[in-house]
Amino acid sequence: MIDLRSDTVTLPTPAMREAMYRAEVGDDVYHEDPTINRLQEMAAECLGKEASLFVPRPWAMLLLSWLMQDAEKQSLSGTSLTSIITR
């Protein structure tokens with residue numbers, strides 16, 4: 001059984017370590033990481049969208065969606081930022 005809950009409970013195989021060693025890297029904040037750039041392009045294409053954004057943590061995705069809803073002056077059915085962060 002493969003446990004994918006967290007990177008703290010799984011260990012990379014030798015093949016995974018080799019892939020990490022050989023991976024092209026760059027700063028994703030400045031859009032210089034070719035792997036992240038390709039991933040975002042593929043996701044946007046699959047979803048039929050102009051662009052996509054890779055978010056590595058579920059809580060960050062929830063926060064971004066909450067902030068976007070707030071920016072559009074829409075309600076989140078009474079959900080507060082505190083309840084999102086503390087879940």
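The notes below deal with the structure included here. Numbering of residues begins from 1 in every chain and follows the order in which that chain's sequence is written. Per-residue local features of the predicted model are confined to residues with pLDDT of at least 70, and side-chain atom pairs are confined, for both listing and counting, to 80 or more; whole-chain, interface and lining totals are unaffected and use all residues. To obtain the side-chain values, all non-hydrogen atoms of the structure were used and water was disregarded.

1. Considering the overall build of the protein chain
Right, so step 1: The secondary structure content of the protein chain amounts to four helices and zero strands.
Right, so step 2: Reading the protein chain from its N end, one meets helices and strands in the order α-α-α-α.
Right, so step 3: Relative accessible area decides the class of each residue, using a 1.4 Å probe on protein chains only: under 20% of the type maximum gives buried, over 50% gives exposed, and in between gives partly exposed. Going through the 87 residues of the protein chain one by one, you find that 9% of them count as buried.
Right, so step 4: The criterion used for residue contact is that any of the two residues' heavy atoms lie within 4.5 Å. Contacts in the protein chain between residues at least 24 apart in sequence constitute 2% of all its contacts with a sequence separation of at least 6.
Right, so step 5: The protein chains shown are the only cover counted for residues, whose accessible areas, like all others here, come from Shrake-Rupley with a 1.4 Å probe. When the accessible area of the protein chain is evaluated, it comes to approximately 7,900 Å², of which 61% is carbon and sulfur surface. Segments assigned H or I by DSSP are reported as helices when at least four residues long, segments assigned E as strands when at least two residues long, and all are numbered from the N terminus.

2. Description of unusual backbone geometry
Right, so step 1: For His-31, which is not a glycine, the phi torsion comes out positive at approximately 60°.
Right, so step 2: Considering the arrangement of structural elements, one finds His-31 in the loop between helix H1 (14-22) and helix H2 (34-47).
Right, so step 3: You can call His-31 exposed: its relative accessible area is 59%.

3. Concerning the layout of surface pockets
Right, so step 1: Roughly 170 Å³ of internal volume is contained in the largest pocket.
Right, so step 2: Cavities and pockets were defined on a 1 Å grid built from protein atoms only: a cavity is a group of points that admits a 1.4 Å probe but offers it no way out, a pocket is an open group of points flanked by protein on both sides within 12 Å along at least five of seven lines, and a lining residue is one with an atom within 4 Å of any such point. Around the largest pocket sit Asp-28, His-31, Ile-36, Asn-37, Gln-40, Leu-53, Phe-54, Val-55, Pro-56 and Leu-64, which together line it.
Right, so step 3: Here the residues of the lining of the largest pocket are counted per class, giving six nonpolar, three polar and one charged. Grid points are joined across faces, edges and corners, and a volume is the space filled by probe spheres set on the points. By the convention adopted, Pro, Cys, Tyr, Trp, Phe, Met, Ile, Leu, Val and Ala count as nonpolar, Lys, Arg, Asp and Glu as charged, and the other residues, Gly among them, as polar.

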